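Here is what each chain is made of, one letter per residue.
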Amino acid sequence: MSEKEKVMTVTLMRSDLYDATAYSGTYLKLPASRDEIQDALHRARVTDDQPYQVVECFSMQGEELSFIPENPPLAELNFLAYRISELSEHDRIAFM
């Protein structure tokens, strides 16, 4: 994936650590490359087959994206962010 403007930020958390007080997961700006996603999963302490959740999704202006369903698949969010990043700035503002 070529370098695209980041248009949203998500928080990734390991499902089994969601309620742990000392665990806060990690942020990932989208769209992200495969390496950026792997790095974020590593920082969130998610290994191969461990379940994880996308628990928050915000625009780059810090506004929660209410049209995103609860616990969306990361691959679908990344694809959406990639498509949004291809919009003109005017269209992006209207969309978000």
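Residues numbered from 1 in each chain as written. Predicted model: local features only at pLDDT ≥ 70, side-chain atom pairs only at ≥ 80, totals over all residues. Heavy atoms only, no water.

(A) Broad picture of unusual backbone geometry. Residue Pro31 follows Leu30 across a cis peptide bond; omega there is 0 degrees. By secondary structure assignment, the location of Pro31 is in the loop between strand 2 (26-30) and helix 1 (34-43). Residues other than glycine seldom take positive phi values, yet Arg45 does so here, at roughly 65 degrees. Tracing the sequence through the fold places Arg45 in the loop between helix 1 and strand 3 (52-59). (Helix = DSSP H or I, 4+ residues; strand = E, 2+ residues; numbered from the N terminus.)

(B) The arrangement of a nonpolar patch on the surface in detail. A cluster of nonpolar side chains, namely Phe67, Leu87 and Phe95, defines an oily patch on the protein surface of about 250 Å² accessible area. Mapped onto the elements, Phe67 comes out in the loop between strand 3 and helix 2 (74-85). Judged by its relative accessible area of 40%, Phe67 falls in the partly exposed class. (Patch = residues over 30% accessible without salt bridge, like charges linked within 9 Å, V, L, I, M, F, W, Y side chains within 5 Å. Areas by Shrake-Rupley, 256 points an atom, 1.4 Å probe, with all protein chains shown as cover. Salt bridge = Lys/Arg side-chain N within 4 Å of Asp/Glu carboxyl O. Buried < 20%, exposed > 50% of the residue type's maximum accessible area, 1.4 Å probe, protein only.)

(C) The arrangement of the pattern of salt bridges in detail. Taken as a whole and judged by the stated rule, the model has four salt bridges. The shortest N-O distance in the salt bridge between Lys6 and Glu36 comes to 3.1 Å. Here Glu36 lies in helix 1 and Lys6 lies in the segment before strand 1 (8-14), a separation of 30 residues in the sequence. Classification of Lys6 by relative accessible area gives buried; the value is 19%. Classification of Glu36 by relative accessible area gives partly exposed; the value is 30%. For the salt bridge of Asp39 with Arg43, the shortest nitrogen-to-oxygen distance reads 3.0 Å. Of this pair, Asp39 and Arg43 both sit in helix 1, four residues apart, which is roughly one turn of that helix. You can call Asp39 partly exposed: its relative accessible area is 39%.

Don't take any of this as a statement about function, it's just geometry.
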